[in-house]
Amino acid sequence: MRRVADMFQPLSKPAEMIHESALVVLIITAGIFVVVTAMMVYVVWKFRHRGEEDQKQEPPQIYGSSHIELAWTVIPILITFVLILVTSRTIGEIQNAEMPKSAVNVRIVGHQWWWEVHYPDEGIITANEIHVPVSTRGGERRPTAIQLESADVIHSFWVPQLAGKTDLVPNRKNKTWIEPYATGTFFGNCAEFCGLQHANMLLRVIVHEPEDYKRWVATMKAPVPTPTTPEAIQGRKEFYANSCVNCHRIDGTVAAGVFGPDLTKLMTRQTIGAGVAPLNQQNLRTWIRDPQVLKTFCFMPDMKLQDSQVDAITAYLMTLK
Amino acid sequence: MSSATATAVPTEWKLPSTRKVAVITLILTESSLFTIFLVAYLFYMGKNLTHPYPNEVLEFPVLATIALLSSSFTIVFSEMALHRGSKLWFHLWWAITILLGGYFLWFTGAEWHHLIYKENLTVATNVFGSTFYSLVGLHASHVIIGLFLLCLILILSLLGKVPKDHTEHIEMISWYWHFVDAIWVVVVTVVYIISIRVPNVT
Amino acid sequence: MNTDIVDENFEMPKPQPIGQERGSLTRIAQEMVFTVDHKVLGLMYIASGLLFFVVAGVMAVFIRLQLAVPGNTMVPPDVFNRLFTMHGTAMVFLVGMPIIFGFANYLVPLMIGARDMAFPRLNAFGFWVFFFSGILLYFSYLGAPGLYAAGSAPDVGWFAYAPLTGRAFSRGHSTDYWTLSLLLGGIGSMVTSVNIIVTAVCLRCKGMTLGRMPLFVWLFLVVAFLVIIAVPPLSACQIMLILDRYLGARFFDTQAGGSAVLWQHFFWIFGHPEVYILILPGFAIASEVIPVFSRKPIFGYPVMVAASVMIAFISLGVWAHHMFSVGMTSLENTFFAISTLLVAIPTGIKIFNWIGTMYGGKLRFELPMLFCLGFLFQFLIAGLTGVMLAIAPWDWQLTDSYFVVAHFHYVLIGGLLYTIFAGIYYWYPKALGKMPDWKLGLWHFVLFTVGFHITFFPQHIAGFLGMPRRIYTYEAGRGWDLWNLISSIGVIFQVAGILFFVLNLIYSYIWGKDAGDDPWDAWSLEWATSSPPPAYNFETIPEVRSRRPLWDLKHPEDPDWKFE
């Protein structure tokens, strides 16, 4: 679990490319800081007034010096020039990167306050978690090309150890890409204020070894098992009977709603409510009984279900693997 | 506090008139405001999702434009008369300016009436509607303010309440009027000449 | 000489002795409401700004309390969103803008040897429009649902991105209070700026060419031009937002082909110059204080003027560096990265010139100088984090994170607020006739500086570790817990520092030493009249021959005009 998303520990392109230029800039600015602070400290110490007598004489009244001013104009210009070169190169490298044919394609649609995730090449629809294969340096490149859209307001995709931010803007298709070199679960956030639960619009990118990734794709494409226990069967009946199907989709059933997250392989996910709580039976039950308890103001209402209905639906949803 | 010697101080100290600088500043700030609405109009050209499109409903307003642009000339004639000391011609040309501006405003109102009730183009119809009415409307509101100022001067002057040495005040109002005209030149070019020829691409 | 100011029938009023102007409360209130005197209006601007500062500051205290620990439930999300929106909006528009206009109002006419601003009644109008706009913004708390339901204060962030502000996503009236209040305030700013421009251009006393104007006046002239060019774009997009919300227009309605990014362009075309509008007056104050307390003229006056003008010009072309993550092309991103880096050059030059002013001088560590030294150090840090943000690829990591929050608080508190403190302590004797207390001021300086760095430095680190902005809570274990806790602890010291500041203002007014005309031994024209100045400013309008008229008077054997 890579919970601490330290941008100085990049484990993927383009985060690494950003990191390189960031280090150059950091060193240059740190150098400027040290030099100028030293100048300030020196001046404050050396030219402090020395008592009442000293104050009676005014110091020499200097108006300026073309040479000195030229020096401290030219040097910043040169430094700026270096920074411009570093910046332009990195911008081009990242934004104009070529995606090989082996790239995984993901399409994300941002909603208030969850992420709709599509794998158009595989026909997979899921939510809040993105699974991608790892790449090897100097070996097989398997980057993931991500298209970003929004169904409502502006959101922003930010997983610091993988890439910089790219916004999800309604009526616009933005693109970004990642090429991770380490496996694990990378944590991210929505990084553009999008309303009441912006803080809980969390993101996880799970990077797999190639074999594990193939297994995950297969799991996601496999049909949903039919519920066998009586409680689960009853739960499915309740799911269809109440308006759950109007918002949620479960592949292979009559549930085909698109307003809320796709639930087909719900139990493969680590969290519920886009990261607001870990996904386990307890939290799932709490969410179904009243989502407002875990995520106030979210758009799934309290359906006012009886306890027995809640238990049944929970049992049913727990079969969605 | 006085200077010890007179040589270093310029004997003539003439700074620009406060009124002129104030009106120039006002014109600068209003230009900035108009620019944004112009940019919005230009940005959204050809991006409508529904009809009507500009080329379907807009016609170049020949008479209104002639009227408004002529009013810049008539106001100059009016000021020239004032400088000559001819009160009659000052009032006459000034009144003609007001009439020309008033005709322009009437024409705009008539055009909008036609667009709203016959062509179903409102500010909410599409991006063309939003940007058209806001840009032309912003200009029309400035014409209204200008006309109000012009009428005020005419009435006060007819009542004999405008002092002789207030020629600069009157000049400043004419500068504002010229500014309103100049904006119209830009608006009419962008809206009625350029945007009519831009195809809609969605 | 401008004939409008001279009125043959005008009679000089008798100068009122200090201490006898305090009339009854009703008389003072009446005077405040009807005054057109630039000095009274200036003090009213500053006092209102300081009042809003306390209110917006209290909001920040609640924000930091909520974020001190992960998973905190003290402040629910809807209240939190209103808190940070109102905090930001109020600090920029109801604290920053009025205080800088207050300084301009009080000092520009005095520094150029004029009797008042060019349009005194317009000046009063500008103040009352601003004041009303502030009341309107805060009235939103009482506005719609009502007192206990915490009203309808704006909750869309101080830059109110579309389409979050559209009718669909922002129901109720919160956004409308934001829009209308700022539209009004914008009128106030533009009106004051017209006054500043006309006054500085047309009312300078004899001999004061543009090249002999104090840098303070130059910088405010530049600020005023920036205001009249940059504030209309804000008004324009706000009008468009109102049309969207109330007449169903499609400017930012993405479902009808509208563009959310267009709002960002228009807003930041205003928003970036706005932050220069806020900081340039800080430079203006520093350029007056540092020379006086170094006992030397400003180093490189012509370059300081040129650099200020350049900063203003370039700042009109950098706005999209707030939009690097919105999906612009690599060409657009490169252009704005370059322009943003370019603006760092004249800004850096100014820092060097201030250091050059102190070099070879005899530094006196009075209160105004202490705060200017703090400003120099903190603004250096702020500028350097700004350079980091200009690097577009790094900005893709840093933008919308706590790094940016740290950056702009270093600019606005570490930079602007410190120069405001310096300016208040510097001109307090002139305006009120009493000297501020040095010991109380030192407590203010030390406590506030300690608190400021404790609060805002760790926020850089939280940003590096992936903490986004504008979140009402965060989960434990993300590496943010410690930095947030430290950040919140700093608040205690800042509050203590402000308390000493307020105490100093009050204490010095009642028990402070009498200041006299020129307590700091300074060189600009405001020190050539009594403290406080009479209503007509100067008995006779002065004539000047150099940039430092009072230096010439005090040093007739070595006057500036021999060397300039």
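Residues numbered from 1 in each chain as written. Chains lettered and ligands numbered in written order. Predicted model: local features only at pLDDT ≥ 70, side-chain atom pairs only at ≥ 80, totals over all residues.

**Here's the deal with the overall build of chain A**
Under the convention used in this document: A helix here means a DSSP run of H or I that spans at least four residues, while a strand means a run of E at least two residues long, and both kinds are numbered starting from the N terminus. The size measure is the radius of gyration over C-alpha atoms, and the globule rule it meets is 2.2 Å times the number of residues to the 0.38 power. Every C-beta atom is placed from the backbone, and the number of other C-beta atoms within 10 Å of a residue's own sets its class: buried at 20 or more, exposed at 12 or fewer, partly exposed in between. By the criterion used throughout, residues are in contact when their C-beta atoms, derived from the backbone, lie within 7 Å.
Looking only at helices and strands, chain A has nine helices and 13 strands in total. Over its C-alpha atoms chain A spans a radius of gyration of 28 Å, topping by over 25% the 20 Å that the globule rule assigns to 321 residues. Each principal axis of the C-alpha atoms in chain A carries an extent, and together these give about 100 × 50 × 35 Å. Here chain A holds 321 residues, and 41% of them are scored as buried. Restricting to contacts in chain A with at least 6 residues of sequence separation, those with at least 24 account for 66%.

**Quick notes on the overall build of chain C**
The helix and strand inventory of chain C stands at 15 helices and zero strands. Taking 2.2 N^0.38 as the reference for a compact globule, 564 residues should give roughly 24 Å; the C-alpha atoms of chain C span a radius of gyration of 24 Å, in line with that estimate. Counting only C-alpha atoms and orienting by the principal axes, one finds that chain C spans roughly 70 × 50 × 50 Å. When burial is assessed residue by residue, chain C has 63% of its 564 residues classed as buried. Long-range pairs, those at least 24 residues apart, make up 80% of the contacts in chain C between residues at least 6 apart in sequence.

**Some words on the sheet that holds strand 8 (residues 166-168) of chain A**
All names here are of chain A. Rules: Pairing between strands requires that DSSP locate at least two bridges from one strand to the other. Fitted lines through C-alpha atoms give the axes, limited to the stretch in contact for helices. The angle between two N-to-C directions lies from 0 to 180 degrees.
Strand order in the open sheet formed by five strands is 5-11-10-7-8, with mixed pairing between adjacent strands. Looking at strand neighbours, the two that pair on one side only are strand 5 (129-133) and strand 8, the edges of this open sheet. On average, adjacent strands in this sheet sit at an angle of 25° to one another, irrespective of strand direction. Where strand 7 (residues 155-158) meets strand 8, three bridges bridge the pair, whose relative direction is antiparallel.

**A closer look at the sheet that holds strand 6 (residues 144-150) of chain A**
Strand order in the open sheet formed by six strands is 1-9-6-2-3-4 (chain A), and the pairing between neighbours is mixed. Two strands bound the open sheet, and with one partner strand each, they are strand 1 (12-13) and strand 4 (124-127) of chain A.

**Quick notes on the interface of chain C and chain A**
The following threshold applies: Put simply, Ala, Val, Leu, Ile, Met, Phe, Trp, Tyr, Cys and Pro go in the nonpolar bin, Asp, Glu, Lys and Arg in the charged bin, and everything else, Gly too, in the polar bin.
In this complex, chain C contributes 74 residues to the contact, which on the side of chain A involves 77 residues. Secondary-structure elements contributing two or more residues to the side of chain C that touches chain A are helix 3 (77-111), helix 7 (260-294), helix 8 (301-315), helix 9 (330-358), helix 10 (367-390) and helix 11 (392-398) of chain C. No other element matches helix 9 of chain C, which puts 16 residues into the side of chain C that touches chain A. In terms of residue class, the side of chain C that touches chain A is made up of 45 nonpolar, 21 polar and eight charged.

**Observations concerning the domain arrangement of chain A**
Here is the rule we go by: As annotated, the domain borders come from an automatic or database domain assignment.
Its domain assignment divides chain A into domain 1 (12-48 + 66-95), domain 2 (104-221) and domain 3 (230-317). Computed over C-alpha atoms only, the centres of domain 1 of chain A and domain 3 of chain A are separated by 53 Å.

**Things to note about the arrangement of the chains**
Pairwise contact counts over the two pairs of chains in contact peak for chains A and C. Across all C-alpha pairs, the smallest distance from chain A to chain B is 12 Å, and the two are not in contact.

**Observations regarding helix 9 (residues 307-317) of chain A**
The element helix 9 of chain A is extensively covered by neighbouring structure, given that eight of its eleven residues are classed as buried. When helix 9 of chain A is considered as a whole, its buried residues turn out to be Q309(A), V310(A), A312(A), I313(A), T314(A), A315(A), Y316(A) and L317(A).

**Regarding the pairing of strand 2 (residues 104-111) of chain A**
Looking along a regular strand, one sees the side chains alternate between the two faces of the sheet. Residues and elements named next belong to chain A. Most of strand 2 is tucked away: six of the eight residues are buried. Pairing of strand 2 with strand 6, which is carried by seven bridges, proceeds in the parallel orientation. Pairing of G110 across the sheet is with S150, part of strand 6. Examined bridge by bridge, strand 2 and strand 3 (residues 114-119) share five bridges and lie antiparallel to one another. The residue of strand 3 that forms the bridge with R107 is H118.

**Remarks on the confidence of the model for chain C**
So the rule is basically this: Scored from 0 to 100, pLDDT records how confident the predictor is in each individual residue.
Summarising the model, chain C shows a mean pLDDT of 94, and 95% of its residues fall at 70 or more. Confidence metrics for the complex model read pTM 0.95 and ipTM 0.96.

**Section: helix 4 (residues 87-117) of chain B**
All names here are of chain B. Here is the rule we go by: An expected span of 1.5 Å times one less than the residue number is assigned to each helix.
The terminal C-alpha atoms of helix 4, which comprises 31 residues, lie 45 Å apart, in line with the 45 Å expected from a rise of 1.5 Å per residue. By the burial criterion, the buried members of helix 4 are F90, W93, W94, T97, L100, G101 and F104. In this structure, the buried side of helix 4 is in contact with helix 3 (62-84) and helix 5 (127-158).

**Things to note about the pairing of strand 5 of chain A**
Residues and elements named next belong to chain A. For strand 5, a buried count of four out of five residues is recorded, marking the element as mostly surrounded by other parts of the structure. Summarising the sheet, strand 5 and strand 11 (residues 202-208) pair through five bridges and their orientation is parallel. Along strand 11, the bridge assignment pairs P133 with H208.

**Here's the deal with the packing of helix 4 (residues 120-139) of chain C against helix 5 (residues 174-202) of chain C**
All names here are of chain C. Defined as follows: Angles are sorted into four bins: roughly parallel if under 35 degrees, roughly antiparallel if over 145, roughly perpendicular if 65 to 115, and oblique for all others. By convention, the crossing between two helices is left-handed when the near helix turns anticlockwise from the far helix through less than a right angle, and right-handed when the turn is clockwise.
Between helix 4 and helix 5, whose axes approach to 8 Å, the crossing angle comes to 160°. One finds that helix 4 runs roughly antiparallel with respect to helix 5. In this structure, the crossing between helix 4 and helix 5 has a hand that is left-handed. Counted together, L122, N123, F125, G126, V129, F130, F132, S133, L136 and L137 of helix 4 and Y177, L180, S181, L184, G185, I187, G188, V191, T192 and N195 of helix 5 form the full contact between these two elements. Classifying every residue of the contact of helix 4 with helix 5 by side-chain character gives twelve nonpolar, eight polar and no charged.

**Looking at unusual backbone geometry**
The omega angle of the peptide bond from A162(C) to P163(C) is -10°, so this bond is cis rather than trans. The residue P163(C) is located in the loop between helix 4 and helix 5 in this model. Here the residue pair S531(C) and P532(C) is connected by a cis peptide bond, since its omega of -5° sits within 30 degrees of zero. Checked against the element boundaries, P532(C) lands in the loop between helix 14 (481-511) and helix 15 (549-554). A positive phi is found at F297(A), a non-glycine position, where the angle reads about 75°. Tracing the sequence through the fold places F297(A) in the loop between helix 8 (291-294) and helix 9. Phi at R295(C) is positive, roughly 65°, even though this residue is not glycine. On the secondary structure map, R295(C) appears in the loop between helix 7 and helix 8. By C-beta crowding, R295(C) is classed as buried, having 22 other C-beta atoms within 10 Å.

**Some words on the interface of chain B and chain C**
Chain B puts 33 residues into the contact, and the matching count from chain C is 38 residues. Put simply, the parts of the chain that give the side of chain B that touches chain C at least two residues each are helix 1 (18-44) and helix 5 of chain B. At 13 residues, the largest contribution of residues to the side of chain B that touches chain C is made by helix 1 of chain B. Of the residues that constitute the side of chain B that touches chain C, the class distribution is 20 nonpolar, twelve polar and one charged.

**Notes on the packing of helix 7 (residues 281-289) of chain A against helix 9 of chain A**
Axes are the key here: two packed helices are described by the angle between their axes and the distance separating the axes. Residues and elements named next belong to chain A. One way to put it is that helix 7 packs onto helix 9 with a least axis distance of 9 Å and a crossing angle of 125°. Considering the angle they form, helix 7 stands oblique to helix 9. Crossing geometry of helix 7 relative to helix 9 is assigned as right-handed. Residue-level contacts link Q281, L284, R285, I288 and R289 of helix 7 to V310, I313, T314 and L317 of helix 9.

**Thoughts on the environment of E192(A)**
Among the secondary structure elements, E192(A) is positioned in the loop between strand 10 (184-190) and strand 11. You can call E192(A) buried: it has 29 C-beta atoms within 10 Å. Sequence separation between E192(A) and I272(A) is 80 residues, and the spatial gap between their C-alpha atoms is 21 Å. With near-sequence residues (within four places) excluded, E192(A) lies in contact with I154(A), H155(A), S156(A), D167(A) and D400(C).

**Some points on the environment of F37(B)**
Relative to the elements of secondary structure, F37(B) occurs in helix 1. A C-alpha to C-alpha distance of 21 Å links F37(B) and V23(B), two positions 14 residues apart in sequence. In this structure, F37(B) is in contact with S134(B), L135(B), L138(B) and A236(C), ignoring residues within four places of it in sequence.

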